[in-house]
Amino acid sequence: LTPLPFFSGRPGPLLLIIMDGIGLAPPIESNAIHLSKMPFLKKNMAQSSLFTSLKAHGKAVGMPSDDDMGNSEVGHNTLGAGRIFEQGAALVEKAIHTGSLFGSTWQNLLTNVSKNNSTLHFIGLLSDGNVHAHIRHLLAMIDAAAKADISKIRIHILLDGRDVAEKSALLYINQLESALTTYQVEGKDYLIASGGGRMITTMDRYQADWSIVKRGWDAHVHGIGRLFVTAREAVETMYAEDGHITDQYLPAFVIERQGVPVGKIQDNDSVILTNFRGDRAIELAMAFEQTVFTHFDRIYAPKVEFAGMLQYDGDLCIPSQFLVSPPKIDRPIGHYFCAQGIRSFAISETQKYGHVTYFWNGNASGYIDPSLETYVEISSDKISFDQAPLMKAKEITEKTIQLLESGQYKFGRINFPNGDMVGHTGVLSATIQACEITDHCVQQLAETVNRLNGITVVLSDHGNAEEMYTIKNNIKGPKTSHTLNPVPFFIVDSAYNNEYSLSHPADEGLSNVAATLCHLLGYFPPSNYRPSLIKF
C-alpha cells in the first residue's frame, strides 16, 4: 500500500463494527429497528454527514440476481475482498448451465453406484431460499442422474423455515415428490429417506453443537429417528402435535416401509451434500471423510464416495471431492494490511467468528500472519437466541475495549450477531432487545475509540431485523429470513474537520468498504479494488 500524501489517518485505531442483520426499511410496525431504542444508530442516520446506505444483496455481493438476498458469508467475503466475486448460488447456476457440474467428480460418483449396484444419496436444505441451497439445483441433479440411468436415489431433506416462510416445508416436499413420481413411473426407485429441521438436524456451524450433526447422521446414515410413511405425514403430524413449531425446529424423522428405513447410507453408496454454502455443511463433510473423528460416536462410518456441492474449506480441503469450485478470492484486504505491518484483531462470538476470520480472509482458514493478528472467539450460548437476545454482546464489547486500550492494534473488526441470529427466530420482542443491546455496545465502543483518537466505521452485512413479519391475504406471518434491503454505513471521527467527505460511487455497496478502510488508515487502496466511499 502507498501512503496518502495528504492524510495519514488518526493517531488511534480504526475499528470496523458489523451490526449483523441490521437493514434499512420504512418505519412500520414490522421493523424491529424502528421499534427499538437505538439512539446511537438513529442519531448518526439523521445527523451525520458521514452516513449513507449500501447495497448488500443480489449482484452487489455476487449473487445471481437482485432477487437474491444477501447473507453473512457473501457479505463478509465482499467486505474483505474489496471486489465482487461470483458467489455460491451464482457459481452453481453457471455450472449447471454449462454442464461443468457434471464433470469428473459427478461421473466418479455415478460410476461408483453403477459398478456396485448401490444408491446415490442427496443431503441438503430443501427450499428456494438460495442462501444455502436451492431446490432447483437438486432437481437438476436428480434429472441428470436419471438420464444416466441411475436406478436408485435416496434424498435426505433438511427443512428450512428460516430463509423462506417459517412453515413452508410442504410446498417444497410437494414439489420434490411430484418430480420423483415422474421417475417412479419410469421404473426408478427414487424416494425421500429422512429429514428434519435445519436448526436441530445436521446443519450446525462453527462446531457450536455437534449433537445437531449427530441427529442428522443417525437419521441419514443409520435410519434412527421417528418413523413415518412419507415426509408429508411427518411434517403434518409434527405441526398438529405442536401448533407453535416451525420448520427449522422439526425433529429428525425417517421414512419407512413395513417398519424398515428406506434409505440408510451404506458401504459403496455415493453421497452428495447439495448445500453450496459452507458454514453449515462442513461438519457433516468431516463426519463422512475423517478417519479419526472424535466429535460424536458415528457407530460406524460407511465407506462411500462423498462430495460437496462446493469445497467448503479450501485450506483444509474439506471435502476432498466437490462438484463446483468455490470463488477464488485473491488478495483480500487482510493480506495488504499484514504486508504493511499493520497489527489487527478480529473478534466475535462463535456464531459469527468465522465471518470476521475465514470469510473476511477470502475463504481461508487460519491467520494470514500470526505475528500481526489476534483472533478472538467468544463461545455462543447453545439455546434458541430469542431466549437470550443479548447473546455475547457485552463480552465482545469488554474484550474489544481491552484490545483497543492495549495500544497494540491499529485496526480491529468485530461482529455483533444479535440482529441476525435473534431476527431469525421471528420473535419481535426479543429482536427489539437484540437491536437495543447492539446499539448500546456500538456506542460504548465508538466512545472508546474517540477517547483513543481513532475512527469507528459502523455498518451491517445484510438486512433481517427490519422486517420481522409479512402480511399475505390479510394474514400476518413471521418473517425469519434475510431481506433485500440496503444497510447503514457511517463513520464516527471525533477529530473530523472536513478533510474528507462521502463520495457516493455508483452502486455503492459492501465491496466499496475495503478501499474506504485503506483511505481512513492513510493509504491508497489497491488499484483493482472497488472505489472508496470517501473522497479527499
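Residues numbered from 1 in each chain as written. Predicted model: local features only at pLDDT ≥ 70, side-chain atom pairs only at ≥ 80, totals over all residues. Heavy atoms only, no water.

### Focus on the packing of aromatic side chains
Then, in step 1: In total, this model carries 22 aromatic pairs according to the counting rule given.
Then, in step 2: Between Trp 210 and Phe 296, the aromatic rings sit 6.2 Å apart at their centres with planes inclined by 50°, giving tilted as the arrangement. In this pair, Trp 210 is assigned in helix 8 (residues 210-222) and Phe 296 in the loop between helix 10 (282-289) and strand 10 (305-310), connecting sequence segments 86 residues apart. For the residue pair Trp 210 and Phe 296, the accessibility class agrees, reading buried in each case.
Then, in step 3: Feature note: the residues Phe 6, Phe 7, Tyr 496, Tyr 500, Phe 524 and Phe 536 constitute an aromatic cluster, connected by ring pairs.
Then, in step 4: When the ring centre of Tyr 239 is taken as reference, the NZ or CZ atom of Lys 167 above it lies at 4.4 Å.
Then, in step 5: Across from the ring centre of Tyr 469, 4.5 Å away, lies the NZ or CZ of Lys 476, which sits over that ring. (Phe/Tyr/Trp six-rings, centres within 6.5 Å; stacked < 30°, edge-to-face > 60°. Helix = DSSP H or I, 4+ residues; strand = E, 2+ residues; numbered from the N terminus. Buried < 20%, exposed > 50% of the residue type's maximum accessible area, 1.4 Å probe, protein only. Lys NZ or Arg CZ within 6 Å of the ring centre and 35° of its normal.)

### Considerations on a nonpolar patch on the surface
Then, in step 1: A cluster of nonpolar side chains, namely Phe 6, Phe 524 and Phe 536, defines an oily patch on the protein surface of about 290 Å² accessible area.
Then, in step 2: Residue position: Phe 6 is located in the segment before strand 1 (14-19). (Patch = residues over 30% accessible without salt bridge, like charges linked within 9 Å, V, L, I, M, F, W, Y side chains within 5 Å. Areas by Shrake-Rupley, 256 points an atom, 1.4 Å probe, with all protein chains shown as cover. Salt bridge = Lys/Arg side-chain N within 4 Å of Asp/Glu carboxyl O.)

### Topic: the side chain of Ser 460
Then, in step 1: Topologically, Ser 460 is positioned in the loop between strand 15 (455-459) and strand 16 (469-472).
Then, in step 2: The exposure class of Ser 460 is buried, given its relative accessible area of 0%.
Then, in step 3: At 3.5 Å, the side chain of Ser 460 and the backbone nitrogen of Gly 21 are in polar contact.
Then, in step 4: Apart from residues lying up to four places away in sequence, Ser 460 is in contact with Ile 18, Met 19, Asp 20, Gly 21, Ile 22, Val 487, Pro 488 and Leu 510. (Polar contact = N/O pair within 3.5 Å; in protein donor to acceptor, adjacent residues only side chain to side chain. Contact = heavy atoms within 4.5 Å.)

### Comments concerning the environment of Ser 365
Then, in step 1: Along the polypeptide, Ser 365 turns up in the loop between helix 12 (350-359) and strand 13 (373-378).
Then, in step 2: Residues Ser 365 and Leu 316, spaced 49 residues apart in sequence, show a C-alpha to C-alpha distance of 7.6 Å.

### Here's the deal with the packing of helix 6 (residues 135-147) against helix 7 (residues 169-185)
If you want to describe how two helices pack, look at the angle between their axes and the distance between the axes.
Then, in step 1: Two elements in contact, helix 6 and helix 7, have axes whose closest approach is 11 Å; the angle formed by their N-to-C orientations is 10°. Relative to helix 7, the element helix 6 is oriented roughly parallel. Contacts between helix 6 and helix 7 involve Ile 135, Leu 138, Leu 139, Ile 142, Asp 143 and Ala 146 from the former and Tyr 172, Gln 175, Leu 176, Ala 179, Leu 180 and Tyr 183 from the latter. (Axes fitted to C-alpha atoms, helices over the stretch in contact; angles between N-to-C directions. Parallel < 35°, antiparallel > 145°, perpendicular 65-115°, else oblique.)

### Details of the nonpolar core
Then, in step 1: Core analysis: the largest hydrophobic core is formed by 117 residues, its most contacted members being Trp 106, Phe 122, Ile 142, Ile 157, Phe 288, Met 309 and Leu 459.
Then, in step 2: Excluding anything up to four places from it in sequence, Phe 288 contacts Ile 123, Trp 217, Val 221, Ile 265, Val 271, Val 304 and Phe 306.
Then, in step 3: Core analysis: the second largest hydrophobic core is formed by 36 residues, Phe 40, Ile 437, Cys 441 and Phe 490 among them. (Core = buried A, V, L, I, M, F, W, Y, C linked by side-chain atoms within 4.5 Å.)

### Considering the side chain of Asp 163
Then, in step 1: Tracing the sequence through the fold places Asp 163 in the loop between strand 4 (152-159) and helix 7.
Then, in step 2: The exposure class assigned to Asp 163 is buried, which follows from its relative accessible area of 5%.
Then, in step 3: Reaching out from Asp 163, the side chain makes a polar contact with the side chain of Arg 198 at a distance of 3.0 Å.
Then, in step 4: The residues touching Asp 163, leaving out its near neighbours within four places in the chain, are Met 69, Leu 125, Gly 129, Val 131, His 132, Arg 198, His 424 and Ser 481.

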